[in-house]
Amino acid sequence: MLTTSTIDRDSFRDAMSRFASAVHLVTTDGPAGRRGVTVSSACSVSDEPATLLVCLNTSSPANDRFENNGNFAVNLLSEDSEAIARAFAGEGQLESDARFAKGEWEVLQTGAPLLVGSLAGFDCRILEAKIVATHRVLIGEVVAIRTGSKSPSLVYLDRTYRSL
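Residues numbered from 1 in each chain as written. Predicted model: local features only at pLDDT ≥ 70, side-chain atom pairs only at ≥ 80, totals over all residues. Heavy atoms only, no water.

Visitor: Pulling in residues and values, what's your account of the sheet that holds strand β1 (residues 21-22)?
Guide: To summarise the sheet geometry, strands pair through backbone hydrogen bonds and adopt either a parallel or an antiparallel arrangement. With antiparallel pairing, the 3 strands of this open sheet are ordered in space as β1-β11-β12. Edge positions in the sheet fall to β1 and β12 (160-163), since each has one partner strand and no second. Two strands pair when backbone bridges link them, and strand β11 (residues 154-157) and β12 are joined in this way by 4 bridges, in the antiparallel orientation. Paired with Leu154 across the strands is Ser163, a residue of β12. (Pairing = 2+ DSSP bridges. Helix = DSSP H or I, 4+ residues; strand = E, 2+ residues; numbered from the N terminus.)

Structure below.
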């Protein structure tokens, strides 16, 4: 149950900016169309069955495509992927096709695009979707995994990209 918070939005956002997070591209494709967004809110839920969750802002109606397609891929970005992270975060106001043109993509089982060269790609079938406050939480069963080379990860800390 959500309660009304007495924490103001700016204080919360400032404190969260100090929380180092891995940077991911979350992508989907299917009957509802292709979509991709940069997120830092992705994590494992369970290893048996392998399950992940991602959080997507509900302010973008295009994010409905994830749930409507029934799939998503989580692409863990390497330190040399800042330009594509920025493009999928909306910098430059690029349309979806122009964003996807910045990378090389493959598909495994669900049809969700996986970025060739990402550190890891998790192909997921949506098990559950729930709106919590301003975000849609998607829980997905991992149906396929692709791992890339081991190299430093792209992280987001203090409102800037860094490598770790």
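Visitor: Lay out the sheet that holds strand β5 (residues 50-57) with the relevant residues and their values.
Guide: Reading across from one edge, β3-β2-β6-β9-β10-β5-β4 is the order of the 7 strands in this open sheet, with antiparallel pairing throughout. Bordering the open sheet on either side are β3 (35-39) and β4 (42-47), each of which pairs with just one other strand. With strand direction ignored, the average angle separating the axes of adjacent strands in the sheet is 30°. (Axes fitted to C-alpha atoms, helices over the stretch in contact; angles between N-to-C directions.)

Visitor: Summarise the pairing of strand β2 (residues 24-28); cite the residues concerned and give the values.
Guide: In terms of residue burial, β2 counts as a mostly covered element, since 5 of its 5 residues are buried. Here β2 shows no split at all, with His24, Val26 and Thr28 on one side and Leu25 and Thr27 on the other all buried. Taken together, β2 and the strand that follows it, β3, pair antiparallel across an intervening segment of 6 residues, in which Gly33 is found at a positive phi of about 110°. Across 4 bridges, the pairing between β2 and strand β6 (residues 71-76) is antiparallel. Bridged to Leu25 within β6 is Asn75. (Buried < 20%, exposed > 50% of the residue type's maximum accessible area, 1.4 Å probe, protein only.)

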